[in-house]
Amino acid sequence: DLIVEPFNDSKLMAHTMLDFGFEDQGHVIVSIEARKEIYEEYSLVAGALRQFELIYIFGEEKDLLTIRARVRGSALHLFPIRAEPEFIAALFKDLAMSANALHVEPKFYRSLRDNCTTTLVKHIDRLYQDKIGIRMETIFPAKAGELLHELGRMDTNLSYQQAYEASRIDHLIVKYRDEEKNFSSLIHADSELAYGKQ
């Protein structure tokens, strides 16, 4: 799934993450971010001026989503992706290899060219025949869900506007915050209901 976290309900700026399901083993989120050191605060200008290193964060779905929905009060959208299992597995491995490579060769985060979404797209384009490339919807990540729908890669028969309305999950994260074992399954079951899949 593609997770989109708009910045203050912005129509252009957002943070994007990928959510990988491992059947009975739960979900792992991959988040590509600016690595802020102590006393550093994120800003688009600082990111454009290469003030932050690039970091890949791999974490449990509950940890990474709960801190955004509950602590930060962020809106979160979950868009189901339509892709072959072989591609999804290859993408996860490619992300892990790039994360490990940063130990040897660190890279800078750049607000426009090497941000959360453009970096994900580079991984996808390495593995997929139909290239996405750099375009407005990747430079401005709040439009990433719209691009996914436009490319026919959103796993839904809904229009984009309907899918956008069905995609909100921050209220579900708050609702199921105390669930230890069933958090992910409940979130995804309710999300599928919203998309009309059950």
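The structure displayed is predicted, hence computed values, not measured ones. (Residues numbered from 1 in each chain as written. Predicted model: local features only at pLDDT ≥ 70, side-chain atom pairs only at ≥ 80, totals over all residues. Heavy atoms only, no water.)

## A short note on the nonpolar core
Item 1. If you look at the biggest cluster of nonpolar residues, it comprises 30 residues, and the most contacted ones within it are L2, L18, F20, Y56, F79, L91 and L95.
Item 2. Secondary-structure elements contributing two or more residues to this core are β1 (2-6), β2 (14-21), β3 (27-35), β4 (52-60), α3 (85-101), α4 (116-127), α6 (144-150) and α7 (160-166).
Item 3. Ranked by residue count, the leading element in this core is α3, at 5 residues.
Item 4. Filtering out sequence-adjacent residues up to four positions away, L2 remains in contact with T16, M17, L18, H77, L78, F79, I81, A144, G145 and L148.
Item 5. Counting 14 residues, the second-largest nonpolar core is a separate cluster that includes I29, L64, L78 and F183. (Core = buried A, V, L, I, M, F, W, Y, C linked by side-chain atoms within 4.5 Å. Buried < 20%, exposed > 50% of the residue type's maximum accessible area, 1.4 Å probe, protein only. Helix = DSSP H or I, 4+ residues; strand = E, 2+ residues; numbered from the N terminus. Contact = heavy atoms within 4.5 Å.)

## Here's the deal with the pattern of salt bridges
Item 1. For the coordinates displayed, the defined rule picks out 8 salt bridges.
Item 2. Between E5 and R68 there is a salt bridge, and its shortest N-O distance comes to 2.8 Å. Taken together, the positions of E5 in strand β1 and R68 in helix α2 (residues 61-71) put the pair 63 residues apart, joining distant regions of the chain. Both residues of the pair, E5 and R68, count as buried. (Salt bridge = Lys/Arg side-chain N within 4 Å of Asp/Glu carboxyl O.)

## Structural notes on the environment of T16
Item 1. Of note, T16 is situated in strand β2.
Item 2. C-alpha separation for the pair T16 and I3, spaced 13 residues apart in sequence, amounts to 5.5 Å.
Item 3. When residues no more than four places from it in sequence are discounted, the contact partners of T16 are L2, I3, V4, C116, T117, L120, P141 and A144.
Item 4. At a separation of 2.8 Å, a polar atom in the side chain of T16 contacts the side chain of T117. (Polar contact = N/O pair within 3.5 Å; in protein donor to acceptor, adjacent residues only side chain to side chain.)

## Quick word on the environment of D155
Item 1. Position of D155 among the secondary structure elements: in the loop between α6 and α7.
Item 2. Assessed through its relative accessible area of 29%, D155 is described here as partly exposed.
Item 3. The sequence separation of D155 and I81 amounts to 74 residues, and the corresponding C-alpha distance is 5.2 Å.

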